[in-house]
Number of protein chains: 2
Amino acid sequence: MRFDADLPLQSGQRIGGYTLAYETYGELNAARSNAVLVCHALNASHHVAGVYEGQPRSEGWWDNLIGPGKPLDTDRFFVIGVNNLGSCFGSTGPMHANPQTGRVWGADFPVVTVEDWVDAQARLLDALGVPTLAAVIGGSLGGMQALAWTLRHPERVRHAMVVASAPNLTAENIAFNEVARRAIATDPDFHGGHFYEHGVVPKRGLRIARMVGHITYLSDDVMNEKFGRQLKPAADQAVPTPHAGEPAYRYTTQDVEFQIESYLRHQGDKFAEYFDANTYLLITRALDYFDPARAFAGDLSAALAVAQAQFLVVSFSTDWRFSPARSREIVKALLDNRRTVSYAEIDAPHGHDAFLLDDARYHGVVRAYLDRVSL
Amino acid sequence: MRFDADLPLQSGQRIGGYTLAYETYGELNAARSNAVLVCHALNASHHVAGVYEGQPRSEGWWDNLIGPGKPLDTDRFFVIGVNNLGSCFGSTGPMHANPQTGRVWGADFPVVTVEDWVDAQARLLDALGVPTLAAVIGGSLGGMQALAWTLRHPERVRHAMVVASAPNLTAENIAFNEVARRAIATDPDFHGGHFYEHGVVPKRGLRIARMVGHITYLSDDVMNEKFGRQLKPAADQAVPTPHAGEPAYRYTTQDVEFQIESYLRHQGDKFAEYFDANTYLLITRALDYFDPARAFAGDLSAALAVAQAQFLVVSFSTDWRFSPARSREIVKALLDNRRTVSYAEIDAPHGHDAFLLDDARYHGVVRAYLDRVSL
């Protein structure tokens, strides 16, 4: 969807002549009352469910949750997935040309915030003829968007589902983001964010950024269970077994020794092939900047007073990136405002990644909540 | 101290003609029974206490614990600090020339392990005329050395003090080390570890490595307390205050916005000025490889059966790098062997860094334990 009118941004800048990639699933009912907006996190897109014809590996990132008969049932709801402004999966972003200069935006792409995304999504809903949302749902950074929807456009949201999220980032969260950003920005192939015109990609930095991120998405327990201290077997290596059947260490500092290293390198390599470096900076910054309580001297209850929606808040016990304690802050602030809020703390081993996984208790909660939503 | 005889290493390699930098404090008594060896962690050295004449900022890294009248009392004990082989503070390491080739070792320096360090330390004690240790003490990687002493040279250690340590690294620990190593090894200035001959230093990688490390040394709580979401004030910036006295965001993806970013960048910059990149790879690998239970099919109790020392094990409640649960594994394995072990779990907010800080309860435990050590 093309938007010609300028969108005013939180930074004071404006952006005009932009495009948002989106997908819809199911049918908007006659009363236009069954729309559900799905907000994505760092590296996802508008492609939330289903597969593209002839591309069996093109499964949507939340396909286990969204579809016919699934917890977010597309037989009942009209589901909208949208790629956010500044991302790199079809919507206007840093790799596109600034219409005013004809030059690729690169690092000059305007800094966008969670609130800016919500405003852009609202314009998309206008264009789609959707006056109000039955629900807005998102996990992690997507949960921040769901929360922001209830504050920016309170009259347009009946239910907000905030999963594995937080009312703002802690210093530690910001610190991990900053490590990732520094890895990218100090890669000599970054060229201050204008690498496109040099025909290179700061892959070293992207790899490091992804490796750091990946560690924080998983729990210590699940990493130990999946990888532990297992060594990576080398195809060309006759493995001596000097100790009780254990393969020998190779004693290397630069090559892979442990399976966890191999896994992380693989994740980093994959990511560096498809993700835009400037988008990574923008999206981690949107995470850092989100802080609705900021305009209320840190008082989250005051910040959420304007919300009219009913809420489902979900957290996961082993999520140390967005811990249950952070979700409870949201719940408390909502209760302070006498809002209707359901809260589920799911005992799951998978860390932050749990919000993307098919967990019966988690999906059961989402299904039960949505079944209750009247259209 | 110069050593001409080859030291056989765990990897099967040997290293000869090496030097160890060391310092001693206090006097060895006539019975040679009051020696305490202090083992250092990743980025520390033999300079454990005191200041060098005319250099007021040269304080030893464990000066709050070690000195006259301090918990490790140099009026009573003969304290030995030693810089480990492969480190970069005076002992032979990757920046020195391989005597066999005349060429700087660089990435070809042999991979050294905790056990290798312990063996090298034992030779230093031989040269100093110290037959047995009243105690060996270390924190983090230093605690691994203290534990390894009781296994490699059980008859030479009467007390082992293992602080903020673990019987091996978890997958998550290894993962963080691997991110740091990849940041260094993929820095174009690393040149496969032979950057010395190119007259450059892989500072970008060292900075990222230190930033990642630093996050894991602190607790989430202490980072929030020290930095929280505070913005960095810019000297040249007239700070507008649009919201309830809060300074405005600058909306930048590459410049510093938050105090925590400024702090981490500063730590990274400092580190990159003095620490050797190859040493960083070697020392993080020594951490990864340490795993005494490995030769016993993972049975830590079997691995520790050979130990004869008495033990003090100390952990800190908010240390998520080497959590109390890991220390308790050591305690349990020692108790399985009916060893005498004291265990203190210190409720401290500072995370892994707590072992370096002056905490009254922690230092009280160390003092009380050492007071009981007979000479």
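Residues numbered from 1 in each chain as written. Chains lettered and ligands numbered in written order. Predicted model: local features only at pLDDT ≥ 70, side-chain atom pairs only at ≥ 80, totals over all residues. Heavy atoms only, no water.

A few points about the overall build of chain A
- The number of helices and strands found in chain A is ten helices and 13 strands.
- The globule rule puts the C-alpha radius of gyration for 375 residues at 21 Å, and the 22 Å found for chain A is close to it.
- For chain A, the spread of C-alpha atoms along the three principal axes comes to 70 × 50 × 50 Å.
- Across the 375 residues of chain A, 61% fall into the buried class.
- Here chain A displays about 13800 Å² of accessible surface, and carbon together with sulfur accounts for 48% of that area.
- Looking at charge distribution, chain A has the averaged site of its 34 positive side-chain charges lying 3 Å from that of its 43 negative ones. (Helix = DSSP H or I, 4+ residues; strand = E, 2+ residues; numbered from the N terminus. Rg over C-alpha atoms; globule rule 2.2 N^0.38 Å. Buried < 20%, exposed > 50% of the residue type's maximum accessible area, 1.4 Å probe, protein only. Areas by Shrake-Rupley, 256 points an atom, 1.4 Å probe, with all protein chains shown as cover. Lys, Arg positive; Asp, Glu negative; His and termini not counted. Charge placed at Lys NZ, Arg CZ, Asp CG, Glu CD.)

Section: helix α9 (residues 324-336) of chain A
All names here are of chain A.
- In a regular helix each residue adds 1.5 Å, so 13 residues correspond to 18 Å; α9 covers 18 Å between its end C-alpha atoms and thus fits that length.
- Buried residues of α9: Pro324, Arg326, Ser327, Ile330, Val331, Ala333 and Leu334, and no others.
- Elements in contact with the buried residues of α9: α2 (141-152), β11 (159-163), α8 (300-303), β12 (310-316) and β13 (341-346).
- Phi turns positive, to about 55 degrees, at arginine 338, one or two residues after α9. (Expected span 1.5 Å × (residues − 1). Contact = heavy atoms within 4.5 Å.)

Focus on unusual backbone geometry
Residues and elements named next belong to chain B.
- Backbone geometry places serine 140, a non-glycine residue, at a positive phi of 60 degrees.
- Summarising the element assignment, serine 140 is placed in the loop between β10 (135-139) and α2 (141-152).
- What makes serine 140 buried here is its relative accessible area of 6%.
- In the Ramachandran plot, arginine 338 falls in the positive-phi region, its phi being about 55 degrees despite a non-glycine side chain.
- Here arginine 338 shows up in the loop between α9 (324-336) and β13 (341-346).

Side note on the nonpolar core
- With 256 residues, the main nonpolar core has A:Phe311, A:Phe316, B:Phe311 and B:Phe316 as its most contacted residues.
- Each residue touching A:Phe311, except ones within four places of it in the same chain, is listed here: A:Leu147, A:Thr150, A:Ala160, A:Val162, A:Leu334, A:Thr340, A:Val341, A:Ser342 and A:Tyr369. (Core = buried A, V, L, I, M, F, W, Y, C linked by side-chain atoms within 4.5 Å.)

Notes on the relation of the copies chain A and chain B
- Mapping chain A onto chain B calls for a screw motion: a turn of 180 degrees about the axis and a shift of 0.0 Å along it, with 0.0 Å RMSD after fitting. Both copies of the chain, as the preceding transformation shows, are related through a two-fold rotation axis.
- Comparing contact sets, 100% of the residues at the interface of chain A also lie at the interface in chain B, consistent with an isologous, same-surface contact. (Least-squares fit on C-alpha atoms with pLDDT ≥ 70 in both.)

Some words on the sheet that holds β13(A)
Residue and element names in this part refer to chain A.
- Taken in spatial order, the seven strands of this open sheet run β5-β9-β6-β10-β11-β12-β13, and their pairing is mixed. The open sheet is flanked by β5 (22-25) and β13, the only strands paired with a single partner. On average, each strand axis in the sheet is inclined to that of its neighbour by 15 degrees, with strand direction left out of account.
- As paired strands, β12 and β13 are joined by six bridges and run parallel to one another. Pairing of serine 315 across the sheet is with glutamate 345, part of β13.
- Relative to the sheet, α2 contacts β6 (35-39), β10 (135-139), β11 and β12, its axis offset from that of β10 by approximately 150 degrees.
- Helix α10 (residues 360-372) rests against β10, β11, β12 and β13 of the sheet, and its axis sits at about 175 degrees to β12. (Pairing = 2+ DSSP bridges. Axes fitted to C-alpha atoms, helices over the stretch in contact; angles between N-to-C directions.)

Digging into the sheet that holds β10(B)
All names here are of chain B.
- Strand order in this open sheet of seven strands is β5-β9-β6-β10-β11-β12-β13, and the pairing throughout is mixed. Pairing within the sheet leaves two strands with one partner each, and these edge strands are β5 (22-25) and β13. For this sheet, the mean inter-axis angle between neighbouring strands, taken without regard to orientation, is 15 degrees.
- Sheet contacts for helix α10 (residues 360-372): β10, β11 (159-163), β12 (310-316) and β13; angle to β12, the most-contacted strand, approximately 175 degrees.

A word on the state of the cysteines
- The tally for this structure, following the rule as stated, stands at zero disulfides over all chains.
- Free cysteine: A:Cys39, not disulfide-bonded; nearest cysteine sulfur from A:Cys88 at 17 Å. (Disulfide = S-S within 2.5 Å.)

Some remarks on empty space enclosed by the protein
- Considering all chains together, one arrives at three cavities of 30 Å³ or more under this definition.
- Surrounding the largest cavity, 14 residues form its lining, A:Ala183, A:Thr186, B:Ala183, B:Thr186 and B:Arg204 being those nearest its centre.
- For the lining of the largest cavity, the secondary-structure elements that each account for two or more residues are α4 (203-217) of chain A together with α4 (203-217) of chain B.
- Considered class by class, the residues forming the lining of the largest cavity number six nonpolar, four polar and four charged.
- In this model, the second largest cavity occupies a volume close to 50 Å³.
- Elements represented by at least two residues in the lining of the second largest cavity include exactly α3 (171-185) and α4 of chain A. (1 Å grid on protein atoms, 1.4 Å probe; cavity = no way out; pocket = protein on both sides within 12 Å on 5 of 7 lines; lining within 4 Å. Points joined across faces, edges and corners; volume = space filled by probe spheres on them. Nonpolar A, V, L, I, M, F, W, Y, C, P; charged D, E, K, R; others polar.)

Side note on the packing of aromatic side chains
- Scanning all chains against the criterion turns up 44 aromatic pairs over all chains.
- For the pair A:Phe3 and A:Tyr18, a centre-to-centre distance of 5.2 Å together with 15 degrees between the ring planes defines the contact as stacked. Taken as a pair, A:Phe3 in strand β1 (residues 2-3) and A:Tyr18 in strand β4 (residues 18-19) lie far apart in primary sequence, 15 residues in all.
- Note on A:Phe3: relative accessible area 9%, which makes it buried.
- Ring geometry for A:Phe176 versus B:Phe176: centroids 6.0 Å apart, planes at 15 degrees, classification stacked. Taken as a pair, A:Phe176 in helix α3 and B:Phe176 in helix α3 (residues 171-185) lie in two separate chains rather than in one.
- Note on B:Phe176: relative accessible area 5%, which makes it buried.
- Among the aromatic residues, those joined into a ring-pair cluster are A:Phe89, A:Phe271, A:Tyr274, A:Phe275 and A:Tyr280. (Phe/Tyr/Trp six-rings, centres within 6.5 Å; stacked < 30°, edge-to-face > 60°.)

A short note on the pairing of strand β9 (residues 78-82) of chain A
Residues and elements named next belong to chain A.
- Counting buried positions over the five residues of β9 gives five, a clear majority of the element.
- The alternating pattern of β9 places Phe78, Ile80 and Val82 on one face and Val79 and Gly81 on the opposite face, and all of these are buried.
- Across four bridges, the pairing between β6 and β9 is parallel. Considered in β9, the bridge of valine 36 is made with valine 79.

What about the interface of chain A and chain B?
- Chain A puts 66 residues into the contact, and the matching count from chain B is 66 residues.
- At the boundary of chain A with chain B, total buried surface from both sides reaches about 5700 Å², with 61% on carbon and sulfur atoms.
- Looking only at chain A, the three residues that lose the most surface to chain B are A:Arg229, A:Tyr251 and A:Arg294, adding up to 14% of its buried area.
- Between chain A and chain B we count eight salt bridges in total.
- Between A:Arg285 and B:Glu261 there is a salt bridge; the shortest N-O distance is 2.6 Å. (Buried area = accessible area lost by both parts, 1.4 Å probe. Salt bridge = Lys/Arg side-chain N within 4 Å of Asp/Glu carboxyl O.)

Quick look at α4(A)
- Its 15 residues give α4(A) an end-to-end C-alpha distance of 21 Å, which sits within 8% of 21 Å, the value for a rise of 1.5 Å per residue.
- In terms of burial, α4(A) is largely enclosed, as twelve of its 15 residues are buried.
- Of all the positions in α4(A), only A:Gly205, A:Leu206, A:Ile208, A:Ala209, A:Arg210, A:Met211, A:Val212, A:Gly213, A:His214, A:Ile215, A:Thr216 and A:Tyr217 are classed as buried.
- Buried residues belonging to α4(A) abut α3, α6 (259-274) and α7 (277-289) of chain A together with α3 and α4 of chain B.

Some points on the packing of α3(A) against helix α6 (residues 259-274) of chain B
- Close contact between α3(A) and α6(B) brings their axes to 9 Å; oriented N to C, the two are set at 55 degrees. The pairing of α3(A) with α6(B) is recorded here as oblique in orientation. For the pair α3(A) and α6(B), the crossing hand works out as right-handed. Across the interface between the two elements, A:Ala171, A:Ile174, A:Ala175, A:Glu178, A:Arg181 and A:Arg182 from α3(A) touch B:Ile260, B:Glu261, B:Leu264 and B:Arg265 from α6(B).
- Grouping the constituent residues of the contact of α3(A) with α6(B) by class yields five nonpolar, no polar and five charged. (Parallel < 35°, antiparallel > 145°, perpendicular 65-115°, else oblique. Left-handed = near helix turned anticlockwise from the far one by under 90°.)

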